[in-house]
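Fold and contact review
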Amino acid sequence: MRRIPLLSSVIDVGCGLLKDAGARIRELEPRAKKAFLLTDRNCARYARTVRSGLQAAGMEVEILAIAPGESQKKPASAARIYDRLARAGIERQSAFVAVGGGVVTDLGAFAASTWMRGIPLFLVPTTLLAQVDAAIGGKTGVNLPQGKNLVGTFYQPLGVFCDPEVFRTLPAREYVGGLGEVVKYGVIRDAELFPFLEKNIEAIRERKPDTLEEIVFRCASIKADVVSKDEKESGLRAILNYGHTIGHGLEAAGGYRKLHHGEAVSVGMEAAAVIAMDMGLTPLETLAAQNRLLKLCGLPTRVKGLPPRKVLEAMRLDKKNSDGRFRFVLPEAVGRVRFGVEVPAELVVSGLRAVSV
Ligand code: GLY
């Protein structure tokens, strides 16, 4: 097991960690007599393991399993959680434990951060995407019909427990999608991750826990380092959005059904590298190396049936581009990016054309 510090929290990464989560929570919050465990129905078996650990550590556990899916990330779900927290007598020193993917960790963290103005929070992410991204960084949120994550807080959990053995049961598309965020970390900060991923591609395909532990550790360490330097996103933290400016546009233009988040980020990174090349910021080798690795991972670099103009319109509605300008994170080389680069709409469209079939 390896521990990554992040502001007031710790991120533990290790195979088999799930069954120790209860003891670790007890260690980090010795006063907690009760724990509230939020999960979704797809993660029931992992939630049961965590519940047994909490009970073995002497805590009384109240469990709520919501339906799976992004549609649950809404204020009404938070209200339902508050109702259960009240009925279960969850108070300031109780532990709030979220076991699941990004929806459960974002929603759970939001509820925990607002219940009694914030109670001790612990996250047990069960997807690759959540272990390397969603569960780390302290942003919590729920969606409104007007946009994603429009209501939220910054709230660091006390502990995040990442056990790569849980990827065994992830649906293939969801697992591969998570690799999109992994490749992102290589481009923004860790050039050595590229040869590591290429060399271990078979182990990655076979979901070998040791290899995945190394990957999660490296990616989570990068995110923790970036967030600890810029928690509230006033500068550097923007590099974590590499591939997301276009990625979010693709997701929205596809009605959030066509592409999974990681797939959209993958195509978004390809388009961003094309734009960087067109602007003379990076050589063809960067685009080629990224394209090769994305394909090796089984990720898409092209999208069908989403006209560039439609994607551009969706991008204009994104709150990050609300002043009508598009600011990008663009690669200079594998391992190094520039952020806050203003890109004219015509270049965005030609980047989108390059990834459209
Ligand atoms: N919860 C994700 C982040 O803080 O970036």
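Just above sits the structure.
Another aspect to go through is unusual backbone geometry. The backbone phi angle of Asn149 is positive, close to 55°, even though this residue is not glycine. Note on placement: Asn149 falls in strand 8 (residues 147-151). Overall, the relative accessible area of 34% leaves Asn149 in the partly exposed class.

Its location among the elements puts Ala272 in helix 11 (residues 261-278). A residue is classified by how much of its surface remains accessible, and Ala272, at 1% relative accessible area, is buried. When the C-alpha atoms of Ala272 and Leu284 are compared, they prove to be 12 Å apart, with 12 residues separating the residues in sequence. Not counting chain neighbours up to four residues away, the residues in contact with Ala272 comprise Tyr242, Val329, Leu330 and Pro331.

On to the site of the ligand, then. All residues in the neighbourhood of the ligand are listed as Asp133, Ala134, Ile136, Gly137, Gly138, Lys139, Lys223 and Arg237. At a separation of 2.7 Å, a nitrogen atom of the ligand approaches a polar backbone atom of Ala134. Taken by itself the ligand offers 200 Å² of open surface, and the protein chains cover 87% of this. When grouped by side-chain class, the residues that make up the shell around the ligand number two nonpolar, two polar and four charged.

Moving on, we get to the packing of helix 6 (residues 172-189) against helix 11. Contact pair helix 6 / helix 11: the axes reach a minimum separation of 7 Å and the direction vectors enclose 40°. Relative to helix 11, helix 6 is oriented oblique. As for the relative orientation of helix 6 and helix 11, their crossing is left-handed in sense. Contacts between helix 6 and helix 11 involve Arg173, Gly177, Gly180, Glu181, Val183 and Lys184 on the former and, on the latter, His261, Gly262, Glu263, Val265 and Met269. Residues of the contact of helix 6 with helix 11, tallied by class, amount to three nonpolar, four polar and four charged.

Burial of strand 5 (residues 95-100) is extensive: six of the six residues sit out of reach of the surface. Residues Ala95, Val97 and Val99 point to one face of strand 5 and Phe96, Ala98 and Gly100 to the other, with burial holding for every one of them. In terms of strand pairing, strand 3 (residues 34-40) meets strand 5 through five bridges, oriented parallel. The partner of Leu37 across the bridge, within strand 5, is Val97. Across five bridges, strand 5 lies against strand 6 (residues 121-125) in parallel orientation. Residue pairing across strands places Phe96 opposite Leu121, the latter belonging to strand 6. One crossover worth recording links strand 5 to the parallel strand 6 by way of helix 4 (residues 102-114), and it is right-handed.

Parameters and conventions
- Residues numbered from 1 in each chain as written.
- Predicted model: local features only at pLDDT ≥ 70, side-chain atom pairs only at ≥ 80, totals over all residues.
- Heavy atoms only, no water.
- Helix = DSSP H or I, 4+ residues; strand = E, 2+ residues; numbered from the N terminus.
- Buried < 20%, exposed > 50% of the residue type's maximum accessible area, 1.4 Å probe, protein only.
- Contact = heavy atoms within 4.5 Å.
- Near = heavy atom within 4 Å.
- Polar contact = N/O pair within 3.5 Å; in protein donor to acceptor, adjacent residues only side chain to side chain.
- Areas by Shrake-Rupley, 256 points an atom, 1.4 Å probe, with all protein chains shown as cover.
- Nonpolar A, V, L, I, M, F, W, Y, C, P; charged D, E, K, R; others polar.
- Axes fitted to C-alpha atoms, helices over the stretch in contact; angles between N-to-C directions.
- Parallel < 35°, antiparallel > 145°, perpendicular 65-115°, else oblique.
- Left-handed = near helix turned anticlockwise from the far one by under 90°.
- Pairing = 2+ DSSP bridges.
- Right-handed = clockwise from strand over helix to strand, strands pointing away.

Limitation: the analysis is restricted to geometry and does not speak to function.
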